[in-house]
Amino acid sequence: ALTKLGGVLPAVVFLFVVFLFTSALSCIVSNAATVVLLYAVLRDADVDGLRTSQTILAMMLGASTAFATPIGYQTNLMVITPGGYQFGDFFLLGSILTFIAGVTSSLLIWAMPESVLP
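Residues numbered from 1 in each chain as written. Predicted model: local features only at pLDDT ≥ 70, side-chain atom pairs only at ≥ 80, totals over all residues. Heavy atoms only, no water.

**A closer look at the packing of helix H1 (residues 11–26) against helix H3 (residues 52–63)**
And step 1. Direction vectors running N to C along H1 and H3 enclose 35 degrees, while the axes themselves pass 7 Å from each other. Note that H1 runs across H3; the crossing there is right-handed. Judged by residue contacts, Phe 14, Leu 15, Val 18, Phe 19, Thr 22, Ser 23 and Ser 26 of H1 engage Gln 54, Thr 55, Ala 58, Met 59, Leu 61, Gly 62 and Ala 63 from H3. (Axes fitted to C-alpha atoms, helices over the stretch in contact; angles between N-to-C directions. Helix = DSSP H or I, 4+ residues; strand = E, 2+ residues; numbered from the N terminus. Left-handed = near helix turned anticlockwise from the far one by under 90°. Contact = heavy atoms within 4.5 Å.)

**Some details on H1**
And step 1. Taking 1.5 Å of rise per residue, 16 residues should cover 22 Å, and H1 covers 22 Å from first to last C-alpha, within 8% of that figure.
And step 2. Three or more residues of H1 are buried, namely Ala 11, Phe 14, Leu 15, Phe 16, Val 18, Phe 19, Thr 22, Ser 23 and Ser 26.
And step 3. Turning to H1, the residues buried within the fold contact helix H2 (31–42), H3 and helix H5 (87–111). (Expected span 1.5 Å × (residues − 1). Buried < 20%, exposed > 50% of the residue type's maximum accessible area, 1.4 Å probe, protein only.)

**Quick notes on H3**
And step 1. Taking 1.5 Å of rise per residue, the twelve residues of H3 would be expected to cover 16 Å, and the 17 Å separating its terminal C-alpha atoms lies within 8% of that figure.
And step 2. Against the buried residues of H3 lie H1, H2 and H5.

What follows is the structure in structure tokens.
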């Protein structure tokens, strides 16, 4: 279903969807497992105006932005109790940070010249 969106959405929006989906999945399971699962799907995605390397780059950056839950990264779990944080604190601030990182990353990946991409 994710690859079918590539034919419907504009390229930059597809990159943003890949980024957000990968980030959301990475908040639940490890980022390495997320990349292993999604790479098999996204390497064959054919999106007009995008190279495969751009889609994979959005996936890799999204997997590294597990900010929305304390489960996503080990140090988040280490500071939740001593800092007096709650799960909702991570979700509120983390989702805003993930959205900003997603928009920025998607635009920069989309605008990259082909000479920079592998």
